Amino acid sequence: MSLTEKEIVSKCQRGETEYYEQLVNKYKRSAYFYALGMVGSVEDALDLSQEAFIRAYRSIKRFKPQYQFKNWFFRILTNLCISHLRKKRRRRVEVSTEDKEGRTMPLPDDHFNPHLLLERKEIMRQLWKALSELGNKHREIILLRDFQGLSYKQIYEILEIPVGTVMSRLHQARSRLRVKMADFM
Amino acid sequence: MGCEEFELLLNGYIDGELKDPDLKRVEKHLAGCPPCQKLVRDYQRLKEVTAEMKFKNPPQEIWDSYWQRVFHRITRGVGWVFFLVGAVAVAGFAVYEFATDPAVEALQKLIVFAIFVGLGLLLISVIWERVKASKTDKYKEIER
Ligand SMILES: [Zn+2]
């Protein structure tokens, strides 16, 4: 007999930790690959995705059942990734002084390395490079919509921005991406 | 009507998120506007490539041990709480026994008492730091 996700969540809320395994197993892959898209490092993606599951578990009593667990969880994961990238950038700014007018700075060499992370395909590598050059907000929305295949309403629940903003942010992100990918269009 | 007005809606259009009357307006404009048709094709191609983007799958052991690692980190936190409560209780009991033992001199009692007060203060300051750190951390998450 298998339980619905809502039943599993409410068991976890009553402190039955063993049921949490089912939720973790269901979402571990998409959590890991989404985090990898955001931070571009295998180790960090693994660590951040696991940390998100731990934080979600610790605050699961505050989860409201009218939401979907996945959306709520991805909100936690997105916030973790963004604050991780911020810390990283701050650390880099301390080291190098070349940061100009708030532009997105390239991340360290071991990050966003297509040869380490991606299957061999020229267009994928180019897209990956273009994505890594987008700002965090633009990258996250592209990953949520086109990589994870979420609807505007789901993105609204994860990022807590109105559907109109989802559309306009996607528009900005895609037109930048299109310019960077002009050779492949 | 210019194309700029439609550019935003084109994104909703290719995502299948538009409803009438916007949907009808976009379809009507698209039918007579080759530049916007090209834009739609480009965006659709970008979408396809992004959807097909495949990261290398990590070794199977990573997935096999994934839950165990999460579980250990969850229970480790609980373990620390139990350990701290237990340690404080044991220390409190020992101090009480020691303080009420008539065979020990007052000066010795005072010295041991000072050590325990010192340890207690250190413990409180460490916990205080952790609480403060987690608060600012949470704040950062909300800030965005
Ligand atoms: Zn047009």
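The text that follows walks through the structure, step by step, so that each part is easy to find. (Residues numbered from 1 in each chain as written. Chains lettered and ligands numbered in written order. Predicted model: local features only at pLDDT ≥ 70, side-chain atom pairs only at ≥ 80, totals over all residues. Heavy atoms only, no water.)

Here we look at the coordination of the zinc ion
All names here are of chain B.
Point 1. Taken together, Cys3 (SG), His29 (NE2), Cys33 (SG) and Cys36 (SG) make up the full set of protein donors to the zinc ion, lying 2.0 to 2.3 Å away.
Point 2. Its four donor atoms give the zinc ion angles of 100 to 116° at the centre, a pattern that matches the tetrahedral case.
Point 3. Counting gaps between the donor residues of the zinc ion yields the pattern C-x25-H-x3-C-x2-C. The exposure classification of His29 matches that of Cys36, with both residues buried. (Donors = N, O, S within 2.8 Å, 3.2 Å for Na, K, Ca; no water. Tetrahedral: all angles 85-135°; square planar, octahedral: opposite > 155°, others 65-115°. Buried < 20%, exposed > 50% of the residue type's maximum accessible area, 1.4 Å probe, protein only.)

Describing the pattern of salt bridges
Two side chains carrying opposite charge are able to pair once their charged atoms lie near each other.
Point 1. One pass over the structure, following the stated rule, counts 20 salt bridges over all chains.
Point 2. Ionic pairing is found between Arg14(A) and Glu16(A), a salt bridge with its closest N-O pair at 3.9 Å.
Point 3. Residue Glu16(A) is classed as partly exposed on the basis of its relative accessible area of 24%.
Point 4. The partner of Glu133(A) in a salt bridge is Lys180(A), and the shortest N-O contact between them spans 3.4 Å. Here Glu133(A), found in helix H6 (residues 122-133), pairs with Lys180(A), found in helix H9 (residues 163-180); they are 47 residues apart in sequence, far enough to count as distant.
Point 5. Accessibility expressed as a relative area gives 34% for Glu133(A), which makes it partly exposed.
Point 6. Three or more residues joined by partner-sharing salt bridges are found here, namely Arg145(A), Asp146(A), Arg174(A), Asp15(B) and Lys47(B). (Salt bridge = Lys/Arg side-chain N within 4 Å of Asp/Glu carboxyl O. Helix = DSSP H or I, 4+ residues; strand = E, 2+ residues; numbered from the N terminus.)

Let's talk about the nonpolar core
Point 1. Formed by 81 residues in total, the largest nonpolar core has its most connected members in Tyr20(A), Phe53(A), Phe69(A), Phe73(A), Leu77(A), Ile141(A) and Met53(B).
Point 2. Per-element accounting of this core gives the leading share, 12 residues, to helix H2 (residues 20-39) of chain A.
Point 3. A domain-level breakdown of this core finds at least three residues from each of domain 1 (3-52) and domain 2 (61-103) of chain B.
Point 4. The contact partners of Phe53(A), leaving out residues within four places of it in the chain, are Tyr20(A), Leu23(A), Val24(A), Tyr27(A), Lys28(A), Ala31(A), Phe73(A), Tyr66(B) and Val70(B). (Core = buried A, V, L, I, M, F, W, Y, C linked by side-chain atoms within 4.5 Å. Domains from an automatic or database assignment. Contact = heavy atoms within 4.5 Å.)

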